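# Coordinate inspection notes
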Amino acid sequence: MVENVSIIGLGKLGASMVAGMSSRGLNVIGVDINQQTVDAVNAGKAPVQETNLGEMIAENKERIRATLSTDEAVMESDISFVIVPTPSDERGAFSLQYASYAFKSLGQALKKKDGYHVIVLTSTVLPGATRHGLLPILEKESGKKCGKDFGLCYNPEFIALGSVIRDFLNPDFYLLGEFDERSGNLLEQVHNQVSQNEAPVKRMSLENAELAKVAVNSYVTMKISYANMLADFCEHMPGGDVDVVSDALGMDKRIGRKYLTGGFGFGGPCFPRDNVALNFMGGAMGVDTRLLEINDNYNRNLSKKYVEKLEGHLAKGASVAVLGLAYKPLSHVIEESPGVYLCKALSGAGYRVIGHDNLAAPHAEVALKSLALVTDRLQEALTDADAVIVTTTDKTYTSLTADQILGDRSKLTVVDFWRCMSHLESDPRIDYVPVGLCRDEEKASVSLEELWGS
Ligand SMILES: NC(=O)c1ccc[n+]([C@@H]2O[C@H](COP(=O)([O-])OP(=O)(O)OC[C@H]3O[C@@H](n4cnc5c(N)ncnc54)[C@H](O)[C@@H]3O)[C@@H](O)[C@H]2O)c1
């Protein structure tokens, strides 16, 4: 049984791992370079915003301690998980800047420790980074040998913001890259103690695990783009309905239904950057990754495409309300958000743009500067709009009635990316534009007739 673990980096993922591991009976020592973060955790509070994080840290307070000292953490635990940022660098790769600094402190701590200790990198990195970028720092600083004096693993998590703790405790599978068997054995033991769903463990080399992590995310983005392409097909086919087509695809066990709901593009802190990073890696290794490049370009081009489509419905200079600026509902995160990109594209095409988001408005205001007015008051966004575009499935938007959207106006265009507002369709005052459904049967029929008629 492992009793004591340490977590280096108490951000969105690290703090949630502290909560999750302590809730399963482990004593957890958290380390961060930020004093406020350390103070928050020691006070039994969440250092970042995440579902149930504050409650779980408070409930398990007696098993949690935070410190600025990596030495203390290494001395008082058997295994240390490193979850520091690996931001994208100018090449599109993941920078090891923060991880190198953390590994330097860990190496210095290992030097002072008698006895075996395992270091586990959880931050997302590219193939070769753990062995060739970080391990040499540990060996240099500690003066010790990996595999003999200490162990090393790469163990990324597959979590979504908003459900990080649940996802961490109930993974689909446990991806375990190991320097050697002994390191992997200890990490697997921790997993067995922590996992709530007895998820299967896939053990492999460090490099295979590094590739598998980014490949999972990159593959999912491919499904999303594929579904968006199908949505486009359906708009050009009589009776076309992307949900009907996606449901059929989803019945095939080789494909599955998840991430096939065509609508808008992918965004957020992981999907786009993992795709770009894998593409960089391909270039560096001489692997043909044009598939990834096309996918990324296709996704980035979606906003422009939808602005062009809108041109048939809207006069130049019209006011457009974009509802949903975070990359998904009920989030404050706007990194690579399709809603923000759409605001930029609309502004670039000469429209007056008002963006709304309950949680993400302050971040979006900074990102959009003078390109759009941003508000967290829905009524303010709707008041002067000539068109309303709903980018997420947030119930605040999808439950709006025709009267609520129209206010004093007699006519309005509503674009619904996720087909959640079909109650608006029958209202003659609303030009309802659901993405992924055919709206001009006649035109669609004519084009197919021209193609196939004799
Ligand atoms: N957030 C996600 O959705 C998610 C999902 C999967 C993987 N990841 C990966 O996890 C890693 C961390 O992501 P995050 O979102 O938790 O980052 P974050 O920015 O929220 O948190 C990182 C924390 O690390 C701390 N830190 C930095 N350097 C440190 C050091 N030397 N010692 C101790 N603490 C240090 C920071 O102060 C911060 O509190 C990244 O590699 C990311 O790609 C994140």
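Let us look at the structure shown here. Computed from a predicted structure; not experimentally measured.

Let's shift gears to the site of the ligand. Taken together, 24 residues lie around the ligand, and Lys-12, Leu-13, Asp-32, Thr-86 and Arg-273 are the ones closest in. Between the ligand and Lys-12 there is a distance of 2.9 Å, counted from an oxygen atom to a side-chain nitrogen or oxygen. Interatomic distance of 2.8 Å between a side-chain N/O atom of Arg-273 and an oxygen atom of the ligand. In the complex, 87% of the free accessible area of the ligand, which totals 840 Å², lies under the protein chains. Here the shell around the ligand gets three residues from one element, more than from any other, and that element is helix α5 (residues 97-112). Within the shell around the ligand, the residues separate by chemical class into 14 nonpolar, five polar and five charged.

Another point: the pattern of salt bridges. According to the stated counting rule, one finds 26 salt bridges in the structure shown. Among the salt bridges present, the one from Arg-131 reaches Glu-207, with a minimum N-O distance of 2.6 Å. With Arg-131 in helix α6 (residues 129-142) and Glu-207 in helix α9 (residues 206-235), this pair connects stretches of sequence that are 76 residues apart. For Arg-131, a relative accessible area of 26% translates into the label partly exposed. Three or more residues are tied together by salt bridges with common partners; here these are Asp-232, Glu-235, Lys-305 and Lys-309.

Inspection of the secondary structure assignment puts Lys-443 in helix α18 (residues 441-452). In the structure, Lys-443 is positioned 351 residues away from Gly-92 in sequence and 42 Å away in space, judged by C-alpha atoms.

Checked against the element boundaries, Gln-36 lands in helix α2 (residues 35-42). A sequence separation of 11 residues divides Gln-36 from Pro-47, and the C-alpha atoms of the two residues are 7.8 Å apart.

Let us now look at the packing of aromatic side chains. Per the stated rule, a full pass over the model turns up five aromatic pairs. Look at Tyr-259 and Phe-271: their rings are 6.1 Å apart centre to centre, the planes differ by 70°, and that puts the pair in the edge-to-face class. Within this pair, whereas Tyr-259 is found in the loop between α10 (242-251) and α11 (271-285), its partner Phe-271 is found in helix α11, the two being separated by 12 residues in sequence. The exposure class of Phe-271 is buried, given its relative accessible area of 17%. Relative to Tyr-306, the ring of Phe-264 lies with its centre 6.1 Å away and its plane at 85°, an arrangement referred to as edge-to-face. Here Phe-264 is found in the loop between α10 and α11, whereas its partner Tyr-306 is found in helix α12 (residues 290-310), with 42 residues between them in sequence. Judged on exposure class, the residue Phe-264 and its partner Tyr-306 are both buried. Here a set of aromatic residues connected by ring pairs shows up, and it is made of Phe-264, Tyr-306 and Phe-417. Looking at Arg-182, its charged tip hangs above the ring of Tyr-116, at a distance of 3.5 Å from the centre. Note that Lys-316 overlies the ring of Tyr-351, its terminal NZ or CZ placed 5.7 Å from the centroid.

Going residue by residue along strand β4 (residues 79-82), you find Ile-79 and Phe-81 tucked away on one face and Ser-80 and Val-82 tucked away on the opposite face as well. As paired strands, strand β1 (residues 4-8) and β4 are joined by four bridges and run parallel to one another. Looking across to β4, one finds that Val-5 is bridged to Ile-79. Pairing of β4 with strand β5 (residues 117-121) involves four bridges; the strand directions are parallel. Along β5, the bridge assignment pairs Val-82 with Leu-121. Handedness of the β-α-β unit built from β4, α5 and β5 comes out right-handed.

The strand order β11-β10-β9-β12-β13-β14 describes an open sheet built from six strands, whose pairing is parallel. Edge positions in the sheet fall to β11 (373-375) and β14 (430-434), since each of these pairs with one other strand and no more. Strand-to-strand, the axes of this sheet are offset by a mean angle of 20°, without reference to chain direction. In the sheet, strand β13 (residues 412-416) pairs with β14 via five bridges, with the strands oriented parallel. Each bridged residue has a counterpart across the sheet, and for Thr-413 the counterpart in β14 is Asp-431.

How each quantity is defined
- Residues numbered from 1 in each chain as written.
- Predicted model: local features only at pLDDT ≥ 70, side-chain atom pairs only at ≥ 80, totals over all residues.
- Heavy atoms only, no water.
- Near = heavy atom within 4 Å.
- Polar contact = N/O pair within 3.5 Å; in protein donor to acceptor, adjacent residues only side chain to side chain.
- Areas by Shrake-Rupley, 256 points an atom, 1.4 Å probe, with all protein chains shown as cover.
- Helix = DSSP H or I, 4+ residues; strand = E, 2+ residues; numbered from the N terminus.
- Nonpolar A, V, L, I, M, F, W, Y, C, P; charged D, E, K, R; others polar.
- Salt bridge = Lys/Arg side-chain N within 4 Å of Asp/Glu carboxyl O.
- Buried < 20%, exposed > 50% of the residue type's maximum accessible area, 1.4 Å probe, protein only.
- Phe/Tyr/Trp six-rings, centres within 6.5 Å; stacked < 30°, edge-to-face > 60°.
- Lys NZ or Arg CZ within 6 Å of the ring centre and 35° of its normal.
- Pairing = 2+ DSSP bridges.
- Right-handed = clockwise from strand over helix to strand, strands pointing away.
- Axes fitted to C-alpha atoms, helices over the stretch in contact; angles between N-to-C directions.

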